Amino acid sequence: GPGAALGKAALEEQQPPQPNGGGPAAAGRPPPPGAERDSPGLRRSTESEVYDDGTNTFFWRAHTLTVLFILTCALGYVTLLEETPQDTAYNTKRGIVASILVFLCFGVTQAKDGPFSRPHPAYWRFWLCVSVVYELFLIFILFQTVQDGRQFMKYIDPHLGVPLPERDYGGNCLIYDPGNETDPFHNVWDKLDGFVPAHFFGWYLKTLMIRDWWMCMIISVMFEFLEYSLEHQLPNFSECWWDHWIMDVILCNGLGIYCGMKTLSWLSLKTYKWQGLWNIPTYKGKMKRIVFQFTPYSWVKFEWKPASSLRRWLAVCGIIFVFLLAELNTFYLKFVLWMPPEHYLVLLRLVFFVNVGGVAMREIYDFMDDPKFHKKLGQQAWLVAAITATEFLIVVKYDPYTLTLSLPFYITQCWILGIILVLTWTAWRFFIRDITLRYKEIRRQKQEHKYEKDKCLSNGDGHPSILDEQDGNKLRERKL
């Protein structure tokens, strides 16, 4: 669409300040969220500088009355001109869909803006409202019996509600199978399914969300360890060693993370200078401006610094935990609700998390990095955490037997050892080390104080030099 310049970003940022000379930015336009903080003196060092001519076109204006009028006309048409079918099931489905659409219309026009607004703030308000609808759907499923919940999925797709076997990715793990003369590399080709590009693009987008190489690699490797640990529960986790470490970690995940980091580097160096579409004289410039409407308005480089304080360390550990839990929910949900891996609902859930995950990560980072300004956790981050927890509770309720299958002894030992190492490092870094450094600092201060005291205590007869100076001054006064 025609894009004027006001916005924030589609993997992007809270509106930064407008520098001096940025153009007539304020004419007829309300200040963006956070504008009271975003001045050149208060902008964080990791935020990019933005130049914006402040053009405010039809594309950026609120259309609350227009949406209300169209919505009322649509409801009036259904009420006055359309005959209601005598099908209870059909009317129930259509009534639920209409209720959701009305709620989405309200949310898109009236909900509070988040930190992003490219390609348009309404886009991110839409996904916020979808988050609310999805969470309510999960709550409804949670309150059903296991049988009713699974059969309820038939109302969404009649092919659901039937138990489906999981595909076993293990079995013959020979990269080169000499027993198959026709195609000795058939094991490799069998693993090259549609999930390979999904892994790559998934980790590319996750890198744009997290914006940190170390955190991405830790989550990637940790999930492979989780697959090893839980393959006795879900056959889908049973993969060959080279499928885990070569195809997943190195090729798909590693290449996705690498491309994501290159994109982050480009976004951090890019000049953010925006003009209204109708202020650009050339057609080439207009086309370039339309394409850039789907890029960040500005950029903030994430510096998580997990070892800088106990609060940040626990926050980063919590982010990694929620990420891994959301990944596991993908597999366990389709297992307990009897959805095949290639079903469109599984894909829609991944698309949903791609859109809401970036906003949630930005809100979490702002809450950690600037708690004085962001005094509460953002609305999208709150919803993502609630959705992840609700999904896990559904898994617990619908198949507690699978979840309570005991881990193999050697797996348990490995996890206990890992937890002990993490707790030990945490205690050393934030408690023992701090106490030791504080003790050394106190000793150093005491030694300096003692040295200064000894230095000014005596000038040869054991009397302080200050007293000698005072006596000398009195003697000179008497002579005068």
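Residues numbered from 1 in each chain as written. Predicted model: local features only at pLDDT ≥ 70, side-chain atom pairs only at ≥ 80, totals over all residues. Heavy atoms only, no water.

The name an unreviewed UniProt entry assigns to the protein is Phosphatidylserine synthase, from the organism Bucorvus abyssinicus. Quoted straight from UniProt, the Subcellular location (unreviewed entry) entry for the protein says "Endoplasmic reticulum membrane". The annotation that UniProt attaches to the protein under Sequence similarities (unreviewed entry) is "Belongs to the phosphatidyl serine synthase family." (UniProt positions renumbered as here; feature names shortened; annotations may be inferred.)

(A) Main features of the overall build of the protein. Of regular secondary structure, the protein possesses 15 helices and two strands. For the protein, buried positions account for 40% of its 480 residues. The long-range share in the protein, meaning contacts at least 24 apart out of those at least 6 apart in sequence, stands at 75%. Accessible surface, the protein: about 28000 Å² in total, of which carbon and sulfur atoms supply 68%. (Helix = DSSP H or I, 4+ residues; strand = E, 2+ residues; numbered from the N terminus. Buried < 20%, exposed > 50% of the residue type's maximum accessible area, 1.4 Å probe, protein only. Contact = heavy atoms within 4.5 Å. Areas by Shrake-Rupley, 256 points an atom, 1.4 Å probe, with all protein chains shown as cover.)

(B) View of the pattern of salt bridges. All chains considered together, the criterion is met by eight salt bridges. For K305, the salt bridge goes to E303, with nearest N and O atoms at 3.6 Å. Judged by relative accessible area, which is 28%, E303 ranks as partly exposed. The closest approach of N and O atoms between R312 and D369, which form a salt bridge, is 3.8 Å. Note that R312 is positioned in helix α10 (residues 310-336) and D369 in helix α11 (residues 344-369), a separation of 57 residues in sequence. Relative accessible area serves as the criterion here: at 10%, R312 is assigned to the buried category. (Salt bridge = Lys/Arg side-chain N within 4 Å of Asp/Glu carboxyl O.)

(C) Structural view of the environment of V188. Inspection of the secondary structure puts V188 in helix α5 (residues 186-191). Residues V188 and C173, 15 residues apart in the sequence, show an inter-C-alpha distance of 8.9 Å. Setting aside chain neighbours within four positions, we find V188 in contact with I175 and W242.

(D) Broad picture of the packing of helix α1 (residues 64-80) against helix α2 (residues 88-110). At their nearest, the axes of α1 and α2 sit 10 Å apart, and the two run at 165° to each other. The angle between α1 and α2 places the two elements in the roughly antiparallel class. Between α1 and α2 lies a crossing whose hand is left-handed. Here T64, V67, L71 and V78 of α1 come into contact with α2, specifically with R94, V102, C105, T109 and Q110. (Axes fitted to C-alpha atoms, helices over the stretch in contact; angles between N-to-C directions. Parallel < 35°, antiparallel > 145°, perpendicular 65-115°, else oblique. Left-handed = near helix turned anticlockwise from the far one by under 90°.)

(E) Region of interest: the packing of aromatic side chains. Scanning the model with the defined rule gives 25 aromatic pairs in all. With centroids separated by 6.3 Å and ring planes inclined at 50°, the aromatic side chains of W127 and F352 adopt a geometry described as tilted. With a gap of 225 residues between them, W127 in helix α3 (residues 121-142) and F352 in helix α11 connect regions that are remote in the sequence. Note on F352: relative accessible area 5%, which makes it buried. (Phe/Tyr/Trp six-rings, centres within 6.5 Å; stacked < 30°, edge-to-face > 60°.)

(F) Structural context of α10. For α10, with 27 residues, the first-to-last C-alpha span of 37 Å sits near the 39 Å given by 1.5 Å per residue. Within α10, the axis deviates most sharply at N329, by approximately 30°. (Expected span 1.5 Å × (residues − 1). Bend = angle between axes of the 7 residues up to and from the residue.)

(G) Spotlight on a nonpolar patch on the surface. On the surface, a cluster of nonpolar side chains totalling about 920 Å² of accessible area is made up of I175, Y176, F185, W189, L192, W241, I246, I250 and L251. At four residues, helix α8 (residues 241-269) tops the list of elements feeding residues into the nonpolar patch. For L251, the position within the fold is in helix α8. (Patch = residues over 30% accessible without salt bridge, like charges linked within 9 Å, V, L, I, M, F, W, Y side chains within 5 Å.)

(H) Up close: the packing of helix α7 (residues 213-230) against α8. Look at α7 against α8: their axes get within 11 Å of each other, and the N-to-C directions meet at 160°. Compared by their axis directions, α7 and α8 come out roughly antiparallel. Our pair here, α7 against α8, has a crossing hand that is right-handed. Only W241, H244, W245, D248, V249, N253, I257 and M261 of α8 make contact with α7, whose side of the interface consists of W213, C216, M217, S220, V221, E224, F225, E227 and Y228. Of the residues belonging to the contact of α7 with α8, the class tally is 11 nonpolar, three polar and three charged. (Nonpolar A, V, L, I, M, F, W, Y, C, P; charged D, E, K, R; others polar.)

(I) Here's a closer look at the environment of D53. Note on placement: D53 falls in the loop between β1 (50-52) and α1. Using a relative accessible area of 15% as the deciding quantity, one classes D53 as buried. On a C-alpha basis, the gap between D53 and N279 in space is 9.3 Å, while along the polypeptide they are 226 residues apart.

(J) Molecular detail of the nonpolar core. The biggest cluster of nonpolar side chains holds 53 residues, and the ones touching the most others in it are I210, F237, W304 and F352. At the level of elements, α3, α6 (195-210), α7, α10, α11 and α12 (379-398) are the ones that each hand at least two residues to this core. By residue number, the principal contributor to this core is α10, which donates 10 residues. When neighbours within four sequence positions are excluded, W304 is seen to be in contact with I210, D212, M215, R312, V316, I319, M361, Y365 and M368. Counting eight residues, the second-largest nonpolar core is a separate cluster that includes L208, L267, Y272 and W299. (Core = buried A, V, L, I, M, F, W, Y, C linked by side-chain atoms within 4.5 Å.)

(K) Region of the structure containing α7. The terminal C-alpha atoms of α7 lie 26 Å apart, and with 18 residues this matches the ideal 26 Å at 1.5 Å per residue to within 8%. Its side-chain oxygen placed 3.2 Å from the backbone nitrogen of W214, D212 serves as the N-cap of α7. (Polar contact = N/O pair within 3.5 Å; in protein donor to acceptor, adjacent residues only side chain to side chain.)

(L) View of the environment of R150. Relative to the helices and strands, R150 is located in helix α4 (residues 146-152). It is 8.2 Å that separates the C-alpha atoms of R150 and V162, two residues lying 12 residues apart in sequence. Apart from the residues lying within four places of it in its own chain, the contact partners of R150 are G161, V336, L337, W338 and Y398.

(M) Region of interest: unusual backbone geometry. For the bond from R118 to P119, the omega torsion is 5°, close enough to zero to count as cis. Inspection of the secondary structure puts P119 in the loop between α2 and α3. At K305, a residue that is not glycine, the phi angle is positive and equals roughly 45°. Residue placement: K305 occurs in the loop between α9 (283-292) and α10.

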